[in-house]
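Breakdown of the fold
If you want the building blocks of each chain, they are given just below.
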Amino acid sequence: MVSPAPSGEEGSLEIRDSRTGRTYTVPIKDGTIRALDLRAIKTDDDDFGLMTYDPAFMNTASCRSGITYIDGDKGILRYRGYPIEQLAESATFLEVAYLLRNGELPNRAEYDKWVHDITFHTYVHENIRKFLEGFRYDAHPMSMLCSSVAALSSFYPTARDIFNPAERQISVIRLLAKVPTLAAFSYRHVKGLPSVYPDNELSYTENMLSMVARMTEPKYHANPVMARALEVLFILHADHEQNCSTSAVRGVGSSHVDPFSAVAAGIAALFGPLHGGANEQVLHMITEIGDKKNIPAFIESVKGGKGSRLMGFGHRVYKSYDPRAKIVKKLAYDVFEITGTDKDLDIALELERIALEDDYFVSRKLYPNVDFYTGLIYRAMGFPTEYFTVLFAIARTAGWLAQWEEGLVDKEQKIWRPRQIYTGPDERQYKSRLV
Ligand code: ACO
């Protein structure tokens, strides 16, 4: 049962099924085989066909994507072909958001319109602000952001018309514009401060800082180093191909729900401590260590599997230094020049030095990831620990939206529905145990 590889394929994979003695030829394209091709491999006509088992999707491509390229071994990250280092050095966040969605950098007219549209959709309906007031004083701002973004879907029912490009465009603009407003309102609520409304004369990051920090001054003037630092952090966090939250957005979006609901799913996924919550965990870990002299004992407890993991270290894809971590480390020094360093930074640096020399981490290719330093920068900028992941979510909204739309218009995609290997009981008869 051998079929020749169709023309255009790179080659083929010969599979011999020892159960039947039959041989199959599966085409290889783009370094992959199609899992569905394996279904033809059966023991008899009643057999469902061979499946692949891939818990946590360690080796399964869920889509084709032209947005972000990562080479984890070489430490390469590119958005639409542009190296992250160049974008972080010279671009603005909204330029990057445009690039991610449209595939090309905007020209002056395109950029001005994009920035104008996003700037003029920053306000949210007053009922949304009242909705946020209902949260308790100690609500986690990620819970507030997640629910308020989901709630926005009820304010824009036409956003459900997802196959209408004009509706998609306005939804993308609204989400990029309003997520910082919701994030800032959540911050002010937790602090017990009145909400500061958006200032349309400011840039995206200056406006964010104004909504968070403005008190009695009629106009907020952000420190340019802080505004640029936030811009760079937003660029670094804007997309990272098929990570947990992006896969959540694509998976939920595959049901053809509106983008507000799909992005809310992404925010929920990002909240987890193994994903976006890691920068918050880095700070908790450093506080727990408390002093440089406690680092060796802490490292030993990590290695012995007794304590927590070394938060901010390791990555599913990067098996060398995370390219974003290099940029963030330099950025940290720019910010600390203004704010000054402290004991926690000293602990972080020493922790990094010891871990990078320790065979446990070296042999497992565990290097600092982007979150190792972002938490320290955000704290130096005055943001509370609980707020770090919210800042990540603002930036990642750009990537989620680009990935959501790419998945939606991809003719090969359908509603996501993985298979399972059933391990439960065989059929049995109901007999009540309520006696
Ligand atoms: N500290 C100590 N040991 C670790 C760490 C760590 N941070 N990360 C991985 N390991 C060890 C594991 O115990 C395992 O060791 P073993 O082979 O002896 O069992 C080995 O390294 C491989 O680990 P996995 O869990 O299989 O790696 P995986 O790719 O599934 O995990 C993850 C990636 C979740 C990021 C992991 O490295 C981790 O938990 N890091 C800490 C949390 C963190 O910083 N997350 C942020 C990721 S970046 C982001 O989401 C923006």
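Quick notes on the rules
- Residues numbered from 1 in each chain as written.
- Predicted model: local features only at pLDDT ≥ 70, side-chain atom pairs only at ≥ 80, totals over all residues.
- Heavy atoms only, no water.
- Salt bridge = Lys/Arg side-chain N within 4 Å of Asp/Glu carboxyl O.
- Helix = DSSP H or I, 4+ residues; strand = E, 2+ residues; numbered from the N terminus.
- Buried < 20%, exposed > 50% of the residue type's maximum accessible area, 1.4 Å probe, protein only.
- Near = heavy atom within 4 Å.
- Polar contact = N/O pair within 3.5 Å; in protein donor to acceptor, adjacent residues only side chain to side chain.
- Areas by Shrake-Rupley, 256 points an atom, 1.4 Å probe, with all protein chains shown as cover.
- Nonpolar A, V, L, I, M, F, W, Y, C, P; charged D, E, K, R; others polar.

1. A closer look at the pattern of salt bridges
Tallying each qualifying case throughout the model produces 23 salt bridges. A salt bridge links Lys113 to Asp117, with the nearest nitrogen and oxygen atoms 2.8 Å apart. Here Asp117 and Lys113 lie together in helix α3 (residues 108–119), a separation of four residues that amounts to about one turn. Judged by relative accessible area, Asp117 falls into the buried class, the value being 17%. Across the pair Asp334 and Lys330 runs a salt bridge whose closest N-O atoms are separated by 3.8 Å. Within this pair, Asp334 and its partner Lys330 are both found in helix α13 (residues 323–339), separated by four residues, close to a single helical turn. Judged by relative accessible area, which is 32%, Asp334 ranks as partly exposed. Residues participating in the shared-partner salt-bridge network are Asp30, Arg34, Arg64 and Glu412.

2. Digging into the site of the ligand
Near the ligand lie 18 residues; those nearest to it are Arg309, Leu310, Gly312, Arg316 and Arg364. Here an oxygen atom of the ligand and a side-chain polar atom of Arg309 are 2.9 Å apart. With the chains in place, 73% of the 930 Å² that the ligand exposes on its own is no longer accessible. By residue class, the composition of the shell around the ligand is nine nonpolar, five polar and four charged.

3. A few points about unusual backbone geometry
Even without a glycine there, the phi angle at Phe57 is positive, about 50°. For Phe57, the location among the structural elements is in the loop between β2 (22–28) and β3 (68–71). For Phe57, a relative accessible area of 57% translates into the label exposed. One non-glycine residue with positive phi stands out, namely Arg80, at about 50°. Within the fold, Arg80 resides in the loop between β4 (76–79) and β5 (82–83). Of the residues examined, Arg80 reaches a relative accessible area of 25% and is grouped as partly exposed.

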